[in-house]
Every structure is written in C-alpha cells, then in structure tokens.
Amino acid sequence: MLQEGAHGKWTVSSSDESTEEVSDNEKPSTSSLSHAAQGGTSVPQYPCSEARKAAHKRKASPLKFIGKGFPTEAHPAEKQRPGQEGSGWCLSSSDEESEDQEKQIHKVTVKEEKNDAPKEHPLDFHQNNVLPGNQKAEEWCEAPSEAQDTWDLLNGGNPFRFFLTKVRGIEQSYNSGALHIKDILSPLFGTLLSSAQFNYCIDVEWLVRQYPQEFRKKPLLIVHGEKRESKAELLAQARPYENISFCQAKLDIAFGTHHTKMMLLLYEEGLRVVIHTSNLISEDWHQKTQGIWISPLYPRLPQGATDSAGESETNFKSDLISYLAAYNSPTLKEWIDNIQEHDLSETRVYLLGSTPGRYQGIDKEKWGHLRLRKLLREGALSVAARESWPVVGQFSSIGSMGADESKWLCSEFQDSLVAAGTSVTSLKCAVPIHLVYPTVDNVRQSLEGYPAGGSLPYSIQTAQKQLWLHSYFHKWSAEVSGRSHAMPHIKTYMRPSPDFQKIAWFLVTSANLSKAAWGALEKNGTQLMIRSYELGVLFLPSAFGLERGYFHVKDKLHSESKDPVTSFPVPYDLPPEQYGSKDRPWIWNIPYTNAPDTHGNMWVPS
C-alpha cells in the first residue's frame, strides 16, 4: 500500500498493519531460505524479521548517495486520504521548514551497486575500521581473547558479572572487559559436556563455528519459537549436525515470539548460565552494543542433597527452574535436572522472565512487569520512592502503547517501574520518564550506517499512531563505553537519582518496550496477559550488601575502580539527552535519501 506524508511516499505491506501491541522486531518472520533458493542472494540464510532482510538487501546492493546535485522532480502533494492528514511521524514542524517544502514529494534517482564494486566513504570517519564489503563480519575476531584476559574478566574486579560485547571499529581500550561469543564458549570457561541455546534469530552454521573445534560435536539443544516454513528452514540448517536437537517453544497467543536469549553450559567442572541480548547471528556480535550477564561457575552438589540445596538469597535457582518448567516441554526436563543438581547459591541477581499466558491471582506476579513490581517492592529501599527519581528505559524496538500515555506506559507499566518498599501508588507520570531510542542521525552516523536500522524495527504504522510517545524520547549516546556509534540492541531499565550519579536498580533484559513483552492487564486488572518469552536479570543494591539502597554510577567503564562493588557500569551516557526539534526516531520502513551514511549510502528499504 502506498502511503504519503511530509517526508515523501513509501510502500508498506498490509501485513505490517495487523499487529498492534507487538514491538516490530517481534512480528513473525516469513520464509527466507525459500527466497534464497529462488535466486535472492541478498536474503539472509536463516529466518529473521522483514527489517533485518531490508538491512541485508542494502548491504548486498547499496544505494550510493549521489550528492546535492542528484536529479529531483518536485510534484504537488496529492491530497491525503481521510484520516491520514497529519499522520506523519515528525514530532514538530520546524520554523525553517516552509509550507512549500512540506507540500512537495521528491522522486529520488538512486544508483544500486553490488558489494564487489569500489566503495567511497565521503563521510566515513570510521573508514580505517570498516571491513571490506566482501569480508565476513566475524573474521576480525576469529580467535577468542587472550587466555589471561578472559580469566581475569571472569575472576577479577567485576562483581556484577555484567559485560558488553566487543565492537569492531572502536578504540581498543573500550573493548577491554568486553566479550565475543567465542570468549564465552572458550575452554577457559569450562570443559563443555553439552549446551542449550535459547534465542530468537539463529544462524545454525554460524553458531556451530563459534564453538571451539573440540566442542563442536557436543550435544547442543536449540530452543526457538519458529513455526511452519521458518521452523522447516531452521531444522534444515541443522541437518549436517547430528549433535543438534530442537525444542519448539509453545506460542499459543497470537503474535507472540520466543525472544529470550540465554545459554546453559554444562561442564565437567560444573554449570554456567549466560543471559544476554544478542541474536545468534554474526551481525549481532560485530558492531552493536549488546549486554551479557555471566553466572559464576556453579559446582555440582553432593549426591543426596535436598531439593532446596544450592539456592541463592535471590531465589535464582527456583526461579530459573520455574521459567524452564513454563515451556512445558519434556525436552527441557534434562536441563531442569542439571540445574537442580548444582549449587547456585553464589548468584546475586534476580531473574525476571516473561512467558506467554493469561495469569490471575498469585500467578500474576510471576512474570512480566508485575514480577518487576514485586521484586522492587520486596528488595528496593524507599530511597527511590520519591517522585524526583526518574525512570530510564532503553530498547531497540517499540510496540503500540495506545492512544495516549494513560493507556499503559504511565499507568500499569510505570506503576511497576516506580515500585519501592512495601507499597506503590499511581503517580500519573509525576515521575519523569526518559526513553532512550536512536535518532535517524544516530543510525546514519553509526559504524554500520543505515543498515544498523534493520535491528531497530520501529515501523511507520506504529509510530504514526502514537506521536505522543516521541516527546519522551532521548538520543543514544555512549561515550562512557566508546559505543556512541555502535547502535544498541541491548535493552536496559533503571531508576537513577535526580542528578544521575546513583541508581536504585538496574535491569538488563531481552524485553523491548511492548505490551507483548511485559504484559498488559485485562479484566479490570485481575488478569495479566503476556504474548512472548523474555528473560533478564535485575541488579538490586541489597543483594550486593549495600544497605544504603543505591549503586553509584561508574564514571569510566574500562577503568579499574577502587570500590567496584558500589559503582555500577551503566553502558551509556547519563543523563540522556532529549531529542531536539529536528531529531526524529529511527523508523525502518521509510526511505532516507537526503544525506549519506558513514559508507556513503542511502536507505531505501524496499
């Protein structure tokens, strides 16, 4: 369907308009391998979202920016259909934008180039760091980190066990303390016996290559949410590997996804749990900002230990077992038993998951934002209960929030985020909410250029229905971690002090800003409905022995701190900077042809 607005014409598929509350990266993907078999070489060889496919297409066939002199042909704007007037996604009209400009639609002449064509980088301030077009993203870090470096990371001064992924193209000092997936699967972490990978988007061939040679034939269980064609494609990828088995997560509620990202690693020496934000594809471990929590090495319990043995003060063990049990899959029974047989008592984080279903009574507080509310009521001190302590949410995709903030964001969701102590009251947005989501310029100036937007799939259909939301938006900036130009796929939520020098709690999770991920109340608040699987870990000061009720915010992530337990490594800049009058949120399915990205290209998604 052709749509029209102040920023030109764009074509959208009718299927994109059907999902209301689901964040756009969570929409079921269509077949990709079948297209590739028909000659579509720019299509990824694994199931993924339409936004990811657009990014692959533009990487394979870039559209070079011609310059200011490129041919344009201005036409009077056609009259918009009823109900469409004013539905463009811009937040405000600048005084510098004339009415004539707003009434014009430009036809852009673009030039397609294949990846083997010579590339120019007119604005490429990273050009010494970008890879040649035909070089695979993973090749720059084929080998894991030096053994001593990895050992120091696991056993050194990182009490939070919170890490970022390595990023190609940034100052190397900012990759000190960061990890690639090959580091996580390294023999230094343990002598692997078997593993389970829970994820959303999975490239099986690539995943196998990330394991050390000696572990590649060990049993590997892949937990996924693919159905029909996409499931057949995933299973086809694994046919060459006899050691790989699958568990299909049940998704009985429409538009739900298996969005959880977790690794369970069973070793001769014990067990390890990894909860993170990256898909199992090369792009997610290359030039994006991603988060990882890595558990301690959990030792095996002595034979005959009770069921309650090996539990942590945060109830992590029983919560993890409950999460796995929610899949209701016999395939996961082996992993539940593995966890039961190990000592998880050293865990200092709280597990926060979402599983699909409709929950009432005490079950309402087991999952989603009501689970966060319960944990904050029980574990967060009232230091943050004052209205002056804001809330920060940072994410890579956005679902439909409703007609205004009272429908979900500033009602039930905010009530959960501001919970502290023994009670919570509805503050009706008295607490400032800062939502961090990249601008168009953030994406354009990123290491990947416009294709980074394939991992930020906010759609025009969703955006134009909730222009009110954009007034809460803040730019992505991460000078503190050297990752301002590495677009975020990490998702984080926190409660900072008014001066942003302290935080009352910090959450890293797979959950984007959507009702599908966090849940929405139904039946007059007596029922919580969740569509998707999500998983994250919550850091509370009390679990780290801090009675005062807050962490300090660490000034420099890659520097040693004299008091590391009290300083949390928030991976982006605080306070976040609000969008300016000319800033626009990145929207993946409309073209950007007015300025080139760092590779000299434009963005035309279709």
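Thresholds applied
Position labels on residues start from 1 in each chain and follow its written sequence. Local features in this predicted model are restricted to residues of pLDDT 70 or higher, and side-chain atom pairs are both shown and tallied only at a pLDDT of 80 or more, whereas totals for entire chains, interfaces and linings draw on every residue. Side-chain descriptors were evaluated using all non-hydrogen atoms of the structure, hydrogens and water having been removed beforehand. Every helix listed is a DSSP run of H or I at least four residues long, and every strand listed is a run of E at least two residues long, numbered separately from the N terminus. Buried means the residue's accessible area, taken with a 1.4 Å probe over protein chains only, is under 20% of the maximum for its type, while exposed means over 50%, and partly exposed covers the values in between. A contact between two residues is defined here by any heavy atoms of the two lying within 4.5 Å. All accessible areas in this document rest on Shrake-Rupley with a 1.4 Å probe, and a residue is counted as covered only by the protein chains that are shown. UniProt positions are given in the numbering used here, feature names are shortened, and annotations may be inferred rather than shown by experiment. By the criterion applied in these results, polar contacts are pairs of N or O atoms within 3.5 Å in which, for protein atoms, one can donate a hydrogen and the other can accept it, and in which residues neighboring in sequence qualify only through two side-chain atoms. Salt bridges are identified by distance alone: a Lys or Arg side-chain nitrogen within 4 Å of an Asp or Glu carboxyl oxygen. DSSP bridges decide pairing: two strands pair if at least two such bridges lie between them. To obtain each axis, a line is fitted to C-alpha atoms, and for helices this fit is confined to the stretch in contact; angles are then taken between N-to-C directions over 0 to 180 degrees.

**Quick word on the overall build of the protein**
A tally of regular secondary structure across the protein gives 14 helices and 28 strands. Across the 606 residues of the protein, 60% fall into the buried class. The long-range fraction of contacts in the protein, counting pairs at least 24 apart against all pairs at least 6 apart in sequence, stands at 77%. Accessible surface computed for the protein: about 24,600 Å², of which carbon and sulfur atoms make up 48%.

**As for the UniProt feature "binding site: substrate" (unreviewed entry) in the protein**
The feature "binding site: substrate" (unreviewed entry), as annotated in UniProt, sits at Lys-261 and Lys-491 in this numbering. Judged by maximum C-alpha separation, these annotated positions cover 231 residues in sequence but sit close together in space, the widest gap being only 11.8 Å. Assessed through its relative accessible area of 0%, Lys-261 is described here as buried. Here His-259 takes part through its backbone oxygen, which lies 2.9 Å from a polar atom of the side chain of Lys-261. Tracing the chain through its elements places Lys-491 in strand 21 (residues 491-496). Of the residues examined, Lys-491 reaches a relative accessible area of 0% and is grouped as buried. Contacts of Lys-491, omitting those with residues within four sequence positions, involve His-259, Thr-277, Gln-394, Phe-395, Ser-396, Leu-507, Val-508, Thr-509, Ser-510, Ala-511 and Asn-512. In this structure the side chain of Lys-491 is engaged in a polar contact, spanning 3.2 Å, whose partner is the side chain of Ser-396.

**Comments concerning the side chain of Asp-284**
Along the chain, Asp-284 falls in the loop between strand 12 (271-276) and strand 13 (288-289). The exposure class of Asp-284 is buried, given its relative accessible area of 0%. Look past the residues within four positions of Asp-284 in its chain and what remains in contact with it is Arg-52, Ser-278, Asn-279, Gln-290, Ser-455 and His-489.

**Observations concerning the pattern of salt bridges**
For the coordinates displayed, the defined rule picks out 15 salt bridges. Here Glu-205 ties to Arg-209 by a salt bridge, and the two come within 3.5 Å at their closest N and O atoms. A residue pair is termed a helical-turn pair when its members lie 3 or 4 positions apart in one helix, as Glu-205 and Arg-209 do in helix 6 (residues 204-210) at four residues. Exposure remark for Glu-205: the relative accessible area of 46% places this residue in the partly exposed category. Classification of Arg-209 by relative accessible area gives partly exposed; the value is 26%. For Glu-341, the salt bridge identified is with Arg-300, shortest N-O distance 3.0 Å. Of this pair, Glu-341 sits in the loop between helix 9 (333-340) and strand 15 (350-354) while Arg-300 sits in the loop between strand 14 (291-294) and helix 8 (316-325); the two residues are 41 residues apart in sequence, bridging distant segments of the chain.

**Focus on the sheet that holds strand 24 (residues 527-530)**
Judged by pairing direction, the sheet is antiparallel, and its three strands sit side by side in the order 16-24-23 without closing on themselves. With one partner strand each, in any of the chains shown, strand 16 (357-360) and strand 23 (520-522) form the two edges of the open sheet. Neighbour-to-neighbour, the strand axes of the sheet open up by a mean angle of 30°, direction not taken into account. Across three bridges, the pairing between strand 23 and strand 24 is antiparallel. Looking at the pairing, Leu-521 lines up with Leu-528 of strand 24.

**Brief notes about the UniProt feature "active site" (unreviewed entry) in the protein**
This chain's UniProt record puts "active site" (unreviewed entry) on His-259 and His-489. Within the secondary structure, His-259 is located in the loop between strand 10 (244-248) and strand 11 (262-267). Examined against the element boundaries, His-489 turns out to sit in the loop between strand 20 (487-488) and strand 21. Take His-489: its relative accessible area is 3%, and that puts it in the buried class.

**As for the environment of Thr-598**
By secondary structure assignment, the location of Thr-598 is in the loop between strand 27 (567-568) and strand 28 (601-602). The buried category is assigned to Thr-598, whose relative accessible area is 2%. Of note is the side chain of Thr-598, whose polar atom sits 2.7 Å from the backbone oxygen of Ser-446.

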